[in-house]
Amino acid sequence: MSFVSLLMVIVPFSPPLGSSDGQGRILQRFPEKDWEDNPFPQGIELFCQPNGWQLYTERQPPAFFVAVLTDINSERHYCACFTFWEEVDNSQPQKSLSSEADEDDDSGILQPAQLFAPKSLVLVSRLDHTDVFRNCLGLIYTVHIDGLNVQLENLIGNLLTCVIPIAGGSQPDQDEKEESLRTITLGAGDRQVIQTPITDSLPVSGCSVAQLFRQLGIINVLYLFCAALTEHKILFLSSSYHRLTDACRALLAIMFPLKYSFTYVPILPGKLLEVLSTPTPFIIGVNSFFRSETQELLDVIIADLDGGTVTIPECVHISLLPDPLLHQTQTALSMVLDPELEIADHAFPQGSTQPSSPKIQDKEIRAVFLWLFAQLFQGYRWCLHIIRIHPEPVIRFHKAAFLGQRSLTEDDFLMKVLDGMAFAGFVSERGPPYRAIDLFDDLIANEVERIRLEEGNPHKMMNHVKELAEHLFKNENPYPAVAMHKVQRPSEGSHLQLHQMIFPHLDEVTVQLFIDHAAAKLRSAPPAVKVEKNCMVPSGPPLGAIVDRNGNVLANSARRLEVVRNCITYIFENKMLEAKKLLPAVLRALKGRAARQCLTQELNLHVQQNRAVLDDQQFDYVVRMMNCTLQDCSHMDEYGIAAALLPLVTAFCRKLGAGITQFAYSCVQEHTVWTNMQFWEAMFYSDVQNHIRALYIEVSEHELPSPDQGELVEEDKCALEIASEQRRLWPTLSKEKQQELIQKEESTVFSQAIHYANRMSYLLLPLDTSKNRLLRSSGLGDVESVSNSYVTNSIAGSMAESYDTESGFEDAETSDVANSVVRFINRFVDKVCNESGVTNEHLKALHTMIPDIVQMHIETLDAVHRESKRLPPIQKPKLLRPALLAGEELMMDGLRVYLIADGREEATGVLGGPPLLPAEGAIFLTTYRLIFKGTPSDPLVAEQVVTRSFPVASLTKEKKISISLQMDQFIQEGLQLRSCTFQLMKIAFDEEVASDLAEVFRKHIHKLRYPQHVRGTFAFTVGQSSKLVVEHKHKEKNQSLKTLSKNLMKNAKKTIGRQYVTRKKYTPPTWENRGSIQSQVDEDEISVSEEVDQSSLTMSSTIKSSDRQTMSNVVERACCRDYQRLGLGTLSNSLTRSKNEPFRISTVNRMYTVCRSYPGLLIVPQSIPDSTIQRISRCYRQNRFPVVCWRNSRTKAVLLRSAGLHGKGVAGFFKSPNAPSAGPSQADSISLEQEKYLHAIISSMPSYSDTSGRNTLSGFTSAHMSSSGKWGSIRVSGRISSYNPDIGTRLAGKDSPQANGGPSETHFLRQQRAHLYIIGDKSQLKGAKQDSFQQWEVVPIEVFDVRQVKTSFKKLMKACVPSSSSLDSNMTFYRCLEESEWMCLLHKVLQVSVLVVELLDTGSSVMVSLEDGWDITTQVVSLVQLLSDPYYRTFDGFRLLVEKEWLSFGHRFSHRGAQTMTSQSSGFTPVFLQFLDCVHQIHLQFPMEFEFSQYYLKFLAYHYVSNRFRTFLLDSDYERIELGVMYEEKGERKNPQVYKSVWDNIDRLNKKTPIFFNYMFSPEDGEVLKPYSCISNLKVWEFYTEETLSEGPSYDWELIHGRPETTEEAERQDTSAPKSQRKIIWPCYDNKSKVEPDAITKLFQELQSLEVELGQVSEKWKDTWDKIKATQRTETKLEHRHTLSTSLLMSSNLSHHRRVNLQESGVGSSLNLTLDTESSSTSTPSGSMVGGRPSTSTLYSQFQTTESEHRSFEGILYKKGALLKPWKPRWFVLDKTKHQLRYYENRQDKDCKGVIDLAEVESVTPGTPTMGAPKAIDEKAFFDLKTTKRFYNFCAQDSHNAQLWIDSIQSCLSDA
């Protein structure tokens, strides 16, 4: 029996003088002394008026609410406060104490007015009976206010002495006595029934839950529910105290069966608001009055009950329920709260479905949450470990196993709930196996199957919910048929009476007498004991059965398990070869959970059969499988794999020597699971449980009379059942027996603790304790708290890193390892022994024992380690040595490494076939390359050789990585090396490679990658001794340097002096140094001193100036040869030309004084003197003034190139403050000279005429477009605009193009045009004014800068060669490619180039003036010449183009390629590669126009970064002359194999092999190409994606093709045996073009081998090719056919020729095309078609038809036209392959006029002649063809022919 009321307190208001806030004080309390078990709650007066004590000017109605106080023992006390207002005696005016008082305007003094103060009656109880409290306090107030004839002392005495019935509910045989017990009366004619809940553990909620959902809505309450469970801070706001209490009560009610164990204050007084900033979680209610003070709380979830909102701060992340559960819960709640929702759309709703009454609805909502928890916690009892039964049960929950079996390891919500305090309380409260059970236990035990069936069926679920709700309602209201309550209430409006009595002072003595009297009565009565109905708690179905449907069953899992079992059997039967074959498959299978469990079970069987001692190879295989199994286990070990392996690793062993055994644990230590304290705890508790179960089974066996029966019964029982039985018997046992059992249990735990101390030392102490490996990787020794596995693992990770960086840790003494392991084991022992009640003596004994255990084990390990070193090493594959180039030398011997697979899937076997990677081999570092050579780890392909290499100079990124290999237990150190030749090496160093050696390797790479000076690169050091960097401190006296004059010297010195101080800011130099100015515009530079090394600039002052010699050398340069070819000038002795020529070759820059980065000879207008040029050059960035680089031979328009103008503009440049002040006249004169220069260019053009007036770039007529040209589109990218609207629309693609992408005929550009267009950067040309009298026009375009190229290239590399396979399914190859924007950049370059080509082709000159004139300008200018001039599409021409535009005109190869230490910071920017990619795109579209093949472009792309040749090494001709590499004599080469120029190498190879030649080369004179530039027309270059693992990159030709004949001979002999004709070609392994060459290459090879066999001198391939072509031409002449047929043998890589729609069929079809020799022999102007040869476009279409048409049947048929059209003869072709009937104008016509798709043909029938049919033809010659779309009438030449046609078409249809 309990007291209903513990204390009665009366608290009136006492205003302290002068304060604005009063304070309550306690007038009287009953009883006056605390009861023993109930101390008086301090600070109760704060809770009576939470908003503060205040006076009011009006009397308020009485108020009632219940506050909750929690005492120090976590007991909750319910304080019911009943407050009413009494008049205050107020004789003196005082400051207003109430917020509602009326203030006087004149002063702060109030006139005497009636004031009211609050007075509270407070009742404090441990029981929560709100209604009873309200009634009792109300009754006391009623008696007082209505003056009833009852003594208040009696009421209070009765209230304090009132007893209530014990919880337990109504029994059917209850009697009157019980009824009277449930009814209480205070002696004022009142009568109340107290509803005591049947089950104490179920919370009482009234209607509060339903009310909470009404206030906040479903989603908001679910958020609060999840927040409370995951321990967030929750704050309720409302203006009603009662509502706050209800809301808090409701939230706790829906959390059942979990109990909230943090701060819980439903009503928080204003004075205690600082509690809200506590760091711990809480549920608190605060009056809305204090809303403003809650706004600053950053991590508190605020629920506003009045406004219906829940505010979650940004920094708070609430984990929600796992998905199907969340959805089901929401559905169920909406069905409870809004049952009409379901039938809202019904036309005829069945009856009314009103929601239940609030009380019932409240229970239904709680039932939904009960159902939810049953879902969440189902099977939890199977994961309880009982570690002590007596004297009290000690239970632990195995979280990892629970999550693993439920497949919820990734679920954030459940993880947090299981880690929370509430769940810990749940385990300790509900874990014991013998106790009273309630509704939740019943649900978990018996309803699991039902709940599973309900998941998909909301209606079944609702029925279940209603049943549960009924249980809950009965529990709360057990006495439905009770007598009516009878409680007096005060009469209406009594609180407003004017003169009310003050609440009287009560007589303490009377009350105390009542209390004493009742206490005496109680003492005499027999004690009422509640009968505890304890029983065994049922566990419900085991978890395995529940989760089968969730387990991710792998495909073919049964087959995989079979493989695992077979492999283990083979190992133990010593069939090692069989086991070796299966091992890779087993290692793959072990990724799956089922296979891992199968492995542990199989190995366990062998241990039980005493087969644990293995030989070396068996041991090795078993250890590898164990490592592979553990590798994929998480640190939590949720599937119990590590737990199952733990006994096995201490069982399997091998004998190393006399008395020395090595156990498997010494080889499986490096897994995080062994350093996870929670894993060890769970393992320990699991083993303790098994031993304690065994202990009681033994006990029962001894005691039972029939042991057989007992054994059967007991053996089947689980530990919890046994524990339950033991708890039931406990009270019946004698004291001695009890003590004995306690002692036995304690000893069991103690012995297990010793056992585990040993086990832990086995797995934590490394075999080589000096290496200290484990300590480093896990940080055991220094992690103090290991209570939470997540924390420790993250700390461990960070420690591992810090150990690597700190010095001294590597060589730590063994004592460090020992100490850290001892500390770890000690912490473990402390924790488990304290929890499982081990005595202090035993604990001390353990602490002294552990260091000895560890030390003994270390000694054992030392012996094992010594012996294991003597073992013969495992046979590792022999290191294969790579072939080296002539002059290439090894820098370091091969280091044994594993080559790991990266993000490319081809080699890993994912896409089919055995995996080539990982491969085991060695990495070699030579002076030129990094080479990996090895064999795949997979034994099925172990005979293949894997090679991957790239030039050291192409390395772009190197980073350290750590890799865990399947085949090895250790986490290995590795490197990831990325190259700009689109190669990636991920290598893991073998354990035999010491870490310092790996470090030396890295340093060597860095030295080779970034030499101090360009002379340190391989191109210079080749063939020399392998000194890394050659220091050049002596003065050079190289012959070629003497050609420079002293002037050059002086200038260089001056420049150096100045360049060392320049920084980013641009400072104009003084006049005399103007010639060598370098403005700082490049984004990567810090100072120019980075570019030019001082040693390279210091030259011997003894060099004699010898201009003539310089000139003769310069004349030999490529530029000069090209100028002569273009007719732009030759050099006579006087270095001038006849005056009538418009241009001359100027030698103004012969000493490189005007512009350092230009060539020595430049083409300028005839009329411009050199002095003007020097002045003009200063206006341009880097002094790169406009020079002519190409002239159109037909229109005589010229192409000029220059840098952009200076950023400050021309005038601003000269007015800059640092320069000597030059008057405005000088600036003007410069501008005038610039104009004069442009005029001179314009006037050099023959089309220039003064009468034309102002010409603008408006348009070209279609007449201009008739010039021969192949068209591609320059549509796309609307971003490029211009000053002139028409150019803008041209570039934005708003013209309406023709079908082939060409320009529309109507006004492509308007009639008038400018004579010179200046293409400039939009940002540079801002504010440039168009002068209406000028003859030129500026076209501003948006160009990208080199930074964009750099970042785009990085992304392109990552897309083409990803370092790891992406987990994000969205990041596919094409998505990454798109994000790199590489294609957009190509598109822009091509677009601008095509625009320039058009302009030049129509007679306007163009000046390209972008950035510094050495990046994008070079790209555009080169592409324009390539498109416009067929010469540049030959070998010689392309070489000349690159030498002229890229090398002579100073593209900064060294700087952009980051070739030396100085340019390292600038990073790699592949501008030249971008140009080659553009050429590749054009080549794809016009395969017949290029003499060189695609391979030629790839070869250049590879070697421009490889540094094998000197060609692409320096930044300008000036630097090349300076270093003496410009005019190297041919005879200089000492080693015939070492070529210094890439061009020489190409020439040599081209003579040997047709690899660079394009067999389809069939050029047309003067052909101008206009490629499509839309992104959709561009293709990804194969160079970026292809890989040949068999031999490495094929661009070092000598290496791969230097050793062919022998192997081929051997193969040829083998083929005598009958063999399959099929070849297997691996896309990533074989060199496709080599294994399966195209037809022509194959013929050449056969020819060569025949010549060798016959002993003939082999002819050069080119001579053979030319002969064949010549004979074909003569054959064609003899045929006299006027058809366009040429018979060119075409070939190679047909799949490339996308532009011409070649069928991508088998390799090497030979295609017959003939040229009309008559017409081609007559030479005609290239522009006109009159009598000339047809343009290549016709060749293309004809080429297409001959290849792609399969003419099954052809001939002439008359076809009737559409309505009212006549019959016409047409040439019909039936094509079975394409399933088409096509027709042409005549037999010679190559353009198809129409196609009938045979798939649409319905019937072919003989027909009859219709109107207009051809006369004199047999009727039977007609036939009809009906298709789904129309009806065709045909007529053949005769009936026989018609029949043939019908049969052919019919057979074609039947074949389909």
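Each chain carries its own residue numbering, running from 1 in the direction its sequence is written. Per-residue local features of the predicted model are confined to residues with pLDDT of at least 70, and side-chain atom pairs are confined, for both listing and counting, to 80 or more; whole-chain, interface and lining totals are unaffected and use all residues. Think of the side-chain values as coming from all heavy atoms in the structure, minus any hydrogens and water.

**Topic: the overall build of the chain**
Right, on to step 1. Strands here mean DSSP runs of E at least two residues long; helices mean DSSP runs of H or I at least four residues long; both are numbered from the N terminus. Summing up its helical and strand segments, the chain has 61 helices and 43 strands in all.
Right, on to step 2. Think of it in three bands: residues with accessible area under 20% of the maximum for their type are buried, residues over 50% are exposed, and the middle band is partly exposed, with areas taken using a 1.4 Å probe on protein chains only. Per-residue burial over the chain gives 54% buried out of 1856 residues.
Right, on to step 3. Contacts between residues were defined by any pair of non-hydrogen atoms, one from each residue, lying within 4.5 Å. A sequence separation of at least 24 residues applies to 73% of the contacts in the chain between residues at least 6 apart.

**Some words on the sheet that holds strand β41 (residues 1801-1806)**
Right, on to step 1. Read from one edge of the open sheet, 7 strands run β40-β39-β38-β37-β43-β42-β41, paired in antiparallel fashion. With one partner strand each, in any of the chains shown, β40 (1794-1797) and β41 form the two edges of the open sheet. Within this sheet the neighbouring strands show an average axis-to-axis angle of 35°, counted without direction.
Right, on to step 2. Two strands form a pair only when DSSP identifies at least two bridges running between them. The pairing of strand β38 (residues 1767-1775) with strand β39 (residues 1780-1784) spans 5 bridges and is antiparallel. Each residue of the ladder has a partner; that of W1771, found in β39, is Y1784. Axis definition: a line fitted to C-alpha atoms, limited for helices to the stretch in contact. Angles are taken between N-to-C directions and run from 0 to 180 degrees.

**Quick notes on the side chain of T947**
Right, on to step 1. Tracing the sequence through the fold places T947 in strand β26 (residues 946-951).
Right, on to step 2. For T947, a relative accessible area of 9% puts it in the buried group.
Right, on to step 3. Those residues within four positions of T947 in sequence are excluded, and the remaining contacts are I931, F932, K933, T1588, L1589, S1590, E1591 and G1592.

**Some thoughts on the packing of helix α23 (residues 641-649) against helix α27 (residues 735-764)**
Right, on to step 1. Where α23 contacts α27, the axes come no closer than 11 Å and their chain directions differ by 90°. What the angle tells us is that α23 and α27 run roughly perpendicular. Residue-level inspection shows L646, P647 and V649 of α23 in contact with α27, the latter providing Y756, R759 and L763.
Right, on to step 2. Here the contact of α23 with α27 is built from residues that sort into 5 nonpolar, no polar and 1 charged. These descriptions rest on fixed angle ranges, namely under 35 degrees for roughly parallel, over 145 for roughly antiparallel, 65 to 115 for roughly perpendicular, and the rest for oblique. Note that Gly is not counted as nonpolar here; it falls among the polar residues with everything else outside the nonpolar set of Ala, Val, Leu, Ile, Met, Phe, Trp, Tyr, Cys and Pro and the charged set of Asp, Glu, Lys and Arg.

**Quick look at the environment of H129**
Right, on to step 1. Mapping H129 onto the fold places it in the loop between β7 (115-125) and α2 (130-146).
Right, on to step 2. Accessibility expressed as a relative area gives 15% for H129, which makes it buried.
Right, on to step 3. Taking the C-alpha atoms as reference points, H129 and T196, 67 residues apart in sequence, are found 9.1 Å from one another.
Right, on to step 4. Beyond its immediate sequence surroundings of up to four residues, H129 is in contact with I194 and Q195.

**Observations regarding the nonpolar core**
The nonpolar side chains of soluble globular proteins are, as a tendency, buried together.
Right, on to step 1. Counting 243 residues, the largest nonpolar core has F225, F236, I283, F377, M626, F652 and W680 as its most contacted members.
Right, on to step 2. Each residue touching F225, except ones within four places of it in the same chain, is listed here: L251, I254, M255, L321, F369, L372 and F373.
Right, on to step 3. Residues L1325, I1416, L1473 and F1486 belong to the second largest nonpolar core, which totals 140 residues. Working definition of a nonpolar core: buried Ala, Val, Leu, Ile, Met, Phe, Trp, Tyr and Cys residues. They are joined through side-chain atoms within 4.5 Å.

**Quick look at a positive patch on the surface**
Right, on to step 1. Taken together, K957, K959, K1354 and K1358 make up a surface patch of like positive charges.
Right, on to step 2. Contributing elements (two or more residues each) for the positive patch: β27 (955-964) and α43 (1346-1360).
Right, on to step 3. Of note, K959 is situated in strand β27. Within this analysis, patches are made of residues with over 30% relative accessible area and no salt bridge. Like charges are joined at 9 Å or less; nonpolar side chains (Val, Leu, Ile, Met, Phe, Trp, Tyr) at 5 Å or less. Using the Shrake-Rupley algorithm and a 1.4 Å probe, accessible areas are obtained, with residue cover drawn only from the displayed protein chains. Any Lys or Arg side-chain nitrogen found within 4 Å of a carboxyl oxygen on Asp or Glu counts as a salt bridge. The convention is simple: Lys and Arg are positive, Asp and Glu are negative, and His and the chain ends are not counted. One atom stands in for each charge, and that atom is NZ of Lys, CZ of Arg, CG of Asp or CD of Glu.

**Some remarks on the pattern of salt bridges**
Right, on to step 1. Across all of its chains, the model carries 71 salt bridges by this definition.
Right, on to step 2. The salt bridge involving E476 is made with K363; its shortest N-O contact spans 3.3 Å. Taken as a pair, E476 in helix α16 (residues 458-476) and K363 in helix α10 (residues 358-377) lie far apart in primary sequence, 113 residues in all.
Right, on to step 3. On the basis of relative accessibility, which here comes to 9%, the residue E476 falls in the buried class.
Right, on to step 4. Within the structure, one salt-bridge network assembled from shared partners comprises D1122, R1125, R1201, D1429, K1444 and E1445.

**Focus: the confidence of the model for the chain**
Right, on to step 1. Per-residue confidence from the predictor is given as pLDDT, running between 0 and 100. Confidence along the chain averages 76 in pLDDT terms, with 74% of residues attaining 70 or more.
Right, on to step 2. This stretch, residues 545-555, has a pLDDT under 50; its non-local contacts, to residues over four places away or in other chains, come to 18 contacts.
Right, on to step 3. Residue range residues 1026-1109 is modelled with pLDDT below 50. Its contacts to residues more than four positions away, or to other chains, number 155 contacts.

**A short note on the packing of aromatic side chains**
Right, on to step 1. Under the pairing criterion, centres of Phe, Tyr and Trp rings, with the six-membered ring standing for Trp, must be within 6.5 Å; the plane angle then separates stacked pairs below 30 degrees from edge-to-face pairs above 60, leaving the rest tilted. The full count for this structure, using the stated rule, is 83 aromatic pairs.
Right, on to step 2. Aromatic side chains F84 and Y141 sit 5.1 Å apart centroid to centroid with 40° between the ring planes, which places their arrangement in the tilted category. With F84 in strand β6 (residues 76-88) and Y141 in helix α2, the pair connects residues that are 57 residues apart, well separated along the chain. In this structure, F84 and Y141 share a single accessibility class: buried.
Right, on to step 3. Think of it as a cone above the ring: NZ of Lys or CZ of Arg counts as a charge over the ring if it is within 6 Å of the ring centre and within 35 degrees of the ring normal. In this structure, R1125 is placed above the aromatic ring of Y1432, and the distance from its NZ or CZ to the ring centre is 5.1 Å.

**As for the packing of helix α21 (residues 593-608) against helix α22 (residues 616-631)**
Right, on to step 1. Packing of α21 against α22 brings their axes to within 10 Å, and their N-to-C directions diverge by 145°. With respect to the hand of their crossing, α21 and α22 are arranged in left-handed fashion. Residues R596, L599 and L603 of α21 touch α22, and the partners they reach there are V622, M625, M626 and T629.
Right, on to step 2. A class-by-class count of the residues in the contact of α21 with α22 yields 5 nonpolar, 1 polar and 1 charged. A crossing counts as left-handed when the near helix is turned anticlockwise from the far one by less than a right angle, and as right-handed when that turn is clockwise.

**Some remarks on α22**
Right, on to step 1. Between its first and last C-alpha, α22 extends 22 Å over 16 residues, near the 22 Å set by a 1.5 Å rise per residue.
Right, on to step 2. The complete set of buried residues in α22 reads Q618, F619, Y621, V622, V623, M625, M626, N627, C628, T629 and L630.
Right, on to step 3. Counted as a polar contact is a pair of N or O atoms within 3.5 Å, where, for protein atoms, one must be capable of donating a hydrogen and the other of accepting one, and residues adjacent in sequence contribute only when both atoms are in side chains. Where α22 begins, the capping side chain belongs to D615, and its oxygen is found 3.1 Å from the backbone nitrogen of Q617. Helix span, as expected, comes to 1.5 Å for every residue beyond the first.

**Section: the sheet that holds strand β14 (residues 300-304)**
Right, on to step 1. Spatially, 5 strands are ordered β12-β13-β11-β14-β15 in an open sheet, and the strand pairing comes out mixed. Of all the strands in the sheet, the pair left with one neighbour each is β12 (263-265) and β15 (309-311). Going from strand to strand, the sheet's axes swing by 20° on average, the running direction of each strand aside.
Right, on to step 2. The pairing of strand β11 (residues 233-238) with strand β13 (residues 282-287) spans 5 bridges and is classified as parallel. Looking at β13, one finds that F236 is bridged to G285.
Right, on to step 3. Sheet strands in contact with helix α6 (residues 218-229) are β11, β13, β14 and β15, and its direction is about 140° off that of β11.

**Quick look at the environment of G1127**
Right, on to step 1. When you line up the elements, G1127 lands in the loop between α37 (1118-1126) and β30 (1143-1146).
Right, on to step 2. Residue G1127 is classed as partly exposed on the basis of its relative accessible area of 31%.
Right, on to step 3. Considering only alpha carbons, one finds G1127 and F1143, 16 residues apart in sequence, at a separation of 9.4 Å.

**Points about the pairing of strand β33 (residues 1198-1202)**
Right, on to step 1. Counting buried positions along β33 yields 5 of 5 residues, so the element is predominantly enclosed.
Right, on to step 2. The side-chain alternation of β33 yields two buried faces, one formed by V1198, L1200 and S1202 and the other by L1199 and R1201.
Right, on to step 3. Bridge count between strand β32 (residues 1187-1191) and β33: 4 bridges; the pairing is antiparallel. Of the residues in β33, the one forming a bridge with V1188 is L1200.
Right, on to step 4. As judged from the 4 bridges shared by β33 and strand β36 (residues 1405-1409), these two strands associate in the parallel manner. Bridge pairing in β36 places S1202 opposite S1409.

**Considering the side chain of H77**
Right, on to step 1. If you trace the backbone, H77 turns up in strand β6.
Right, on to step 2. Overall, H77 belongs to the buried group, its relative accessible area being 6%.
Right, on to step 3. Within polar-contact distance, the side chain of H77 engages the side chain of D71 at 3.0 Å.

**A word on the environment of H242**
Right, on to step 1. Take H242: it is sitting in helix α7 (residues 241-254).
Right, on to step 2. Put simply, H242 and V66 are 176 residues apart on the chain and 6.9 Å apart in space, counted from C-alpha to C-alpha.
Right, on to step 3. In this structure, H242 is in contact with F64, F65, T130 and R134, ignoring residues within four places of it in sequence.

**A short note on unusual backbone geometry**
With glycine set apart, most residues show a phi of negative sign, and most peptide bonds adopt trans.
Right, on to step 1. Here the residue pair H390 and P391 is connected by a cis peptide bond, since its omega of -5° sits within 30 degrees of zero.
Right, on to step 2. Mapped onto the elements, P391 comes out in the loop between β16 (384-388) and β17 (394-397).
Right, on to step 3. Here the bond from L917 into P918 is cis, since omega is 5°, no more than 30 degrees from zero.
Right, on to step 4. Assignment of secondary structure puts P918 in the loop between β23 (890-900) and β24 (919-926).

**So, the pairing of strand β21 (residues 653-657)**
Right, on to step 1. Sheet topology places strand β20 (residues 613-614) next to β21; 2 bridges connect them, and they run parallel. Along β21, the bridge assignment pairs V613 with C653.
Right, on to step 2. In this structure, β21 lies alongside strand β22 (residues 660-663), joined through 4 bridges in antiparallel fashion. Pairing of R654 across the sheet is with Q662, part of β22.
Right, on to step 3. As consecutive antiparallel partners, β21 and β22 are separated by 2 residues, and within that stretch G659 has a phi angle of approximately 70°, a positive value.

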